[in-house]
Amino acid sequence: MSSIAVDIMTPERLVLQTQAESVVVPAADGELGILPHHAPLLAELQPGQIRLRNGGNVELFAVSGGFVEVENNRVVIFAETAEMAQEIDAERARQAAERAKAALKIAKSDIDLAMAEAALRRALVRLRITEGLQPGKKPAYR
């Protein structure tokens, strides 16, 4: 099967440079699937899960937003943050979700509410990805 080049970058580092048979990203209007030789594309990312498929293997990444560019059989993901599933500390993600839930309850302004909702979305994405790594449990992707 043919493949497509994939680069995942954050402002701090190059997270990954690889080849994949397919890529699924959390675009602003819903999940976007990218296969080799996809048409040129530029899309905004929302917090969510990136899935790279190679044969029977699927690699999961948590991203907190950014952009994806597809051109010349290459996917370049410019993410605000990106973490490989194995890098995520589930306990820290759980604590962040609890803090965000508490902040939602005491939000005094629309800005406070929006910040708490964004923090909760990021924490829940990270938790969902770590749950997919547990032995005997399949990742919760569609």
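Structure first, text after, so check above.
I will try to describe carefully the structure that is included in this document. Bear in mind that the values here come from a model prediction, so they are computed numbers and not experimental data.

1. Observations regarding the pattern of salt bridges
Here is step 1: Enumeration over the complete set of coordinates arrives at three salt bridges.
Here is step 2: A salt bridge links Lys-101 to Glu-98, with the shortest nitrogen-to-oxygen separation between them at 3.8 Å. In this pair, Lys-101 and Glu-98 are both assigned in helix α1 (residues 90-106), three residues apart and thus about one turn of the helix distant.

2. Quick notes on the nonpolar core
Here is step 1: In terms of nonpolar packing, the biggest core is built from 23 residues, with Ile-8 and Val-23 touching the most fellow members.
Here is step 2: Elements supplying a minimum of two residues to this core: β1 (4-9), β2 (14-20), β3 (22-27), β4 (30-34), β5 (41-54), β6 (57-71) and β7 (74-79).
Here is step 3: Once residues lying within four places of it in the same chain are set aside, the contact partners of Val-23 are Ile-4, Val-6, Leu-32, Gly-33, Ile-34, Ile-50, Arg-51, Leu-52 and Val-75.
Here is step 4: The next biggest cluster of nonpolar side chains, apart from the first, holds seven residues, and it includes Ala-93, Ala-97, Leu-120 and Ala-123.

3. Description of α1
Counting along an α-helix, one turn takes 3.6 residues, and residues three or four places apart therefore face a common direction.
Here is step 1: The end-to-end C-alpha distance of α1 is 25 Å, a good match for the 24 Å that 17 residues give at a rise of 1.5 Å each.
Here is step 2: Taken together, the buried positions of α1 are occupied by Ala-93, Ala-96, Ala-97 and Ala-100. When α1 is viewed along its axis, its buried side chains cluster within an angular range of 100° and face the same direction. Across α1 from its buried face, at more than 90 degrees, point the exposed residues Arg-99, Lys-105 and Ile-106.

4. Focus: the side chain of Thr-10
Here is step 1: Among the secondary structure elements, Thr-10 is positioned in the loop between β1 and β2.
Here is step 2: Ignoring any residue separated from it by four or fewer positions in sequence, one finds Thr-10 in contact with Val-15, Ala-79, Glu-80, Thr-81 and Ala-82.

5. A look at the layout of surface pockets
Here is step 1: Of the voids in this model, the largest pocket is the one considered here, and its volume is about 280 Å³.
Here is step 2: Surrounding the largest pocket, 18 residues form its lining, Ala-96, Ala-100, Ala-119, Arg-122 and Ala-123 being those nearest its centre.
Here is step 3: Of all the elements in the fold, those that place two or more residues in the lining of the largest pocket are β6, α1 and α2 (110-131).
Here is step 4: Of all the elements, α2 adds the most residues to the lining of the largest pocket, at eight residues.
Here is step 5: Broken down by class, the residue content of the lining of the largest pocket amounts to twelve nonpolar, two polar and four charged.

Criteria and cut-off values
Residues numbered from 1 in each chain as written. Predicted model: local features only at pLDDT ≥ 70, side-chain atom pairs only at ≥ 80, totals over all residues. Heavy atoms only, no water. Salt bridge = Lys/Arg side-chain N within 4 Å of Asp/Glu carboxyl O. Helix = DSSP H or I, 4+ residues; strand = E, 2+ residues; numbered from the N terminus. Core = buried A, V, L, I, M, F, W, Y, C linked by side-chain atoms within 4.5 Å. Buried < 20%, exposed > 50% of the residue type's maximum accessible area, 1.4 Å probe, protein only. Contact = heavy atoms within 4.5 Å. Expected span 1.5 Å × (residues − 1). Arc of directions from axis to C-beta. 1 Å grid on protein atoms, 1.4 Å probe; cavity = no way out; pocket = protein on both sides within 12 Å on 5 of 7 lines; lining within 4 Å. Points joined across faces, edges and corners; volume = space filled by probe spheres on them. Nonpolar A, V, L, I, M, F, W, Y, C, P; charged D, E, K, R; others polar.

The analysis is restricted to geometry; functional conclusions fall outside its scope.
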